[in-house]
2 protein chains.
Amino acid sequence: MTEAQRRSPRDRYRAQVRAEIKQHAWEQIATQGVPALSLNAIAKQLGMSGPALYRYFANRDELITALIRDAYRGFADTVRAAFDAGADLAGLAHAIRDWARADPQRYFLIYGTPVPGYHAPEDITAIADEVMVVLLAASEAPVTGKPATPFDDRFANRRTRTDGSPVPGAVLRHAVSFWTRLHGVLSLELAGHFTGMEFDPELLLDAELHELGTS
Amino acid sequence: MTEAQRRSPRDRYRAQVRAEIKQHAWEQIATQGVPALSLNAIAKQLGMSGPALYRYFANRDELITALIRDAYRGFADTVRAAFDAGADLAGLAHAIRDWARADPQRYFLIYGTPVPGYHAPEDITAIADEVMVVLLAASEAPVTGKPATPFDDRFANRRTRTDGSPVPGAVLRHAVSFWTRLHGVLSLELAGHFTGMEFDPELLLDAELHELGTS
DNA sequence: AGATCCGGTTAGAAGCTATCACCTTCCTTA
DNA sequence: TAAGGAAGGTGATAGCTTCTAACCGGATCT
C-alpha cells in the first residue's frame, strides 16, 4: 500500500502491475516450484502478451530475486512481530513454523537448495542480518546465569549488540543452535521426510527446543 | 562395475552409455544446479545428437530420478560403511558431512527443496529406510541406561528392529534428533548461510552432537 | 539367412527466455 | 496549447529447451 500511493498515477499503476506479476508468480511457485515458473504464462494470465512483462522485470532472475526479497522481508517481519509481542524462543519457533507451513516453497526460497554461483544482493543479506539480531536478543535471557560450556569461547566474534557491546559467545551459540535445530526439523518436515514415521513433528521440535533451554 | 559386466555386449554398451550420461549430468548439476540440467547439452558432449539420449532415459524426470537414486545409494553406503567400521553417531556425522561437502548439490538432491507433487519411487524410499535403520542401531548404545524424558513415550511407533522387537521411543527420538541436528547445521553450512559469521560449522556440529550425547 | 530389435539419425511441434522494431498513449515541458 | 519525450504494449524473431515421429543401418537372435 505505501508503495502504491506515492508519486504519480503512472508509478502507482506500475507498482500495481509489478505486484500482480509477483502474485501470479507466487501461485505458480507454490503449486509447481520455482523451476516451473514461466514469465510467458504469467503474462498471458494478466492478459498481456509475452514481452510486455519485461517492462516490469528485466529478466527471470530479477523477478525471482524480487520474490526472494519479499519472502525474506515477510520472514523477518514475522520474527520481529513475534519478538515484539513478547514471545520467547519457543514462541518464535512456532511463529516461524506457522509461517513456513503456510507456504513451504516460500520458506525453501530462503533456505532451500542454493543455486551455485548465485549471490543475493546486499539488501537481502541485510534482512537476514535483521533476523539474526532478533534471534540474538531472544537468546540473551535463557543464557544469563548459565555456566559457560567448552564450546562457547569459540563462538565469540566481532558482532555487537545495538548498544555496541560485544555479543558473548554463549549467546551466539545459543542463537545459532536454536536456528539450526529449528531449520533441521522444519525443513525435513516440509520436505515430507517424516511421512511414514508416526511422530508429530511439532512434538519433535518442542523436544529439541526444550533440550536447548535446559542445557 | 557389477552392472557393466553382466549379460550381453549390447547390455554392457547400454549400461556404459547410461553411466556416461549420468556422469555428465552430475557435472552439470554440481556446477549449475538441477534446473539448468540440459539433456541436449549432455547429448552433444557425448557426440550424439539430441533425441538419441531418449533411448537411454525416457525423459528428463527419469534421468533426474536415476540421479536421486544413485545419490541416495551413495549416501546410504557411506552411512553403512561408517557404522560397520565401528563409528558412533559423531563418526557417522562426520562421514556424512564429508560426503555432503564433496558435492553439495548431490546432498541437496536428497534433502533440498522438494518439487511439489513429486513422489519418489518405492525403491528410493526403501534406501531412505536403510539409513534410518543404521541411525536407529547407532542410537541404541547412547540411550541405554538414560532416564526416559517426557517426550520419549510419544515417539514409540510400529517400527521394529532386525530381530523383530519394537524400537523404544527414546531410541527413535535420539536417532531423529541426531538426524535433524546434523541436517540443520549441514544444510545451512552448505547453502552458505554461515558465511560472514566467524565460527567454524564443524565446531557447531560437534557442540550440537555433544549436547545430544549428554542429554 | 531372414526377421527382429536396437541405437542412431533428421525433421519438426510446442514451449521457453529474451531482444528488436514499431506503434500508441500518457505526461511534461516550453 | 502544442511539441516532444517517456512509458507501456504489440508482433516478429533468434535461439534455446523437451520430446515425438519417421526412417535407416547394423547387431543379434531364431
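Being a predicted model, the structure only gives us computed values, none of them experimental. Every chain's residues receive numbers from 1 upward, in the order its sequence appears when written. Ligands are numbered from 1 and chains lettered from A, in the order in which they are written. Local features in this predicted model are restricted to residues of pLDDT 70 or higher, and side-chain atom pairs are both shown and tallied only at a pLDDT of 80 or more, whereas totals for entire chains, interfaces and linings draw on every residue. In computing side-chain values, all of the structure's heavy atoms are included and hydrogens and water are not.

Our focus in this paragraph is the domain arrangement of chain A. In many reports, interface size means the accessible area that the parts give up when they come together. Residue and element names in this part refer to chain A. Once the domains are mapped, chain A shows domain 1 (1-57) and domain 2 (67-213). Residue ranges for the domains trace back to a domain assignment, done automatically or taken from a database. Averaged C-alpha coordinates put domain 1 and domain 2 at centres separated by 30 Å. Domain 1 puts 8 residues into the contact, and the matching count from domain 2 is 7 residues. Accessible area, probed at 1.4 Å, shrinks when two parts are joined; the buried area is that loss added up over both. Note on domain 1 versus domain 2: buried area summed over both sides is about 640 Å², and carbon and sulfur give 74% of it. When residues of domain 1 are sorted by the area they lose upon contact with domain 2, Lys 22, Trp 26 and Ile 29 head the list and together hold 70% of the total. Salt bridge, as used here: a side-chain nitrogen of Lys or Arg that lies within 4 Å of a carboxyl oxygen of Asp or Glu. Linking domain 1 to domain 2 there are 1 salt bridge. One salt bridge in this structure joins Asp 70 and Lys 22, with 2.8 Å as the shortest N-O distance. In this analysis, two residues are considered to be in contact whenever any of their non-hydrogen atoms come within 4.5 Å of each other.

The next subject is the protein's contact with DNA strand D. Any residue with a non-hydrogen atom lying within 4 Å of a molecule or strand is treated as near it. Around DNA strand D lies a shell of 19 residues, among which Arg 55 and Tyr 56 of chain A together with Leu 39, Asn 40 and Arg 60 of chain B are the nearest. Considering the 4 Å shell around the protein, atoms of DNA strand D inside it are sugar or phosphate in 63% of instances. A distance of 3.4 Å separates a sugar or linking oxygen of DNA strand D from a polar atom in the side chain of Arg 10 of chain A. Pairs of N or O atoms within 3.5 Å make up the polar contacts considered here, provided that, within protein, one atom can donate a hydrogen while the other can accept it, and that residues adjacent in sequence are counted only when both atoms are side-chain atoms. A distance of 3.4 Å is found between a phosphate oxygen of DNA strand D and a side-chain nitrogen or oxygen belonging to Tyr 54 of chain B. A run of H or I in DSSP counts as a helix once it spans at least four residues, and a run of E counts as a strand once it spans at least two, with each numbered from the N terminus. Only helix H1 (9-32) of chain A together with helix H2 (39-45) of chain B provide two or more residues apiece to the surface near DNA strand D. Considering every element that reaches the surface near DNA strand D, the biggest residue donor is H1 of chain A, with 3 residues. Classes in brief: Ala, Val, Leu, Ile, Met, Phe, Trp, Tyr, Cys and Pro nonpolar; Asp, Glu, Lys and Arg charged; the others, Gly included, polar. Along the lines of polarity and charge, the residues of the surface near DNA strand D split into 9 nonpolar, 4 polar and 6 charged.

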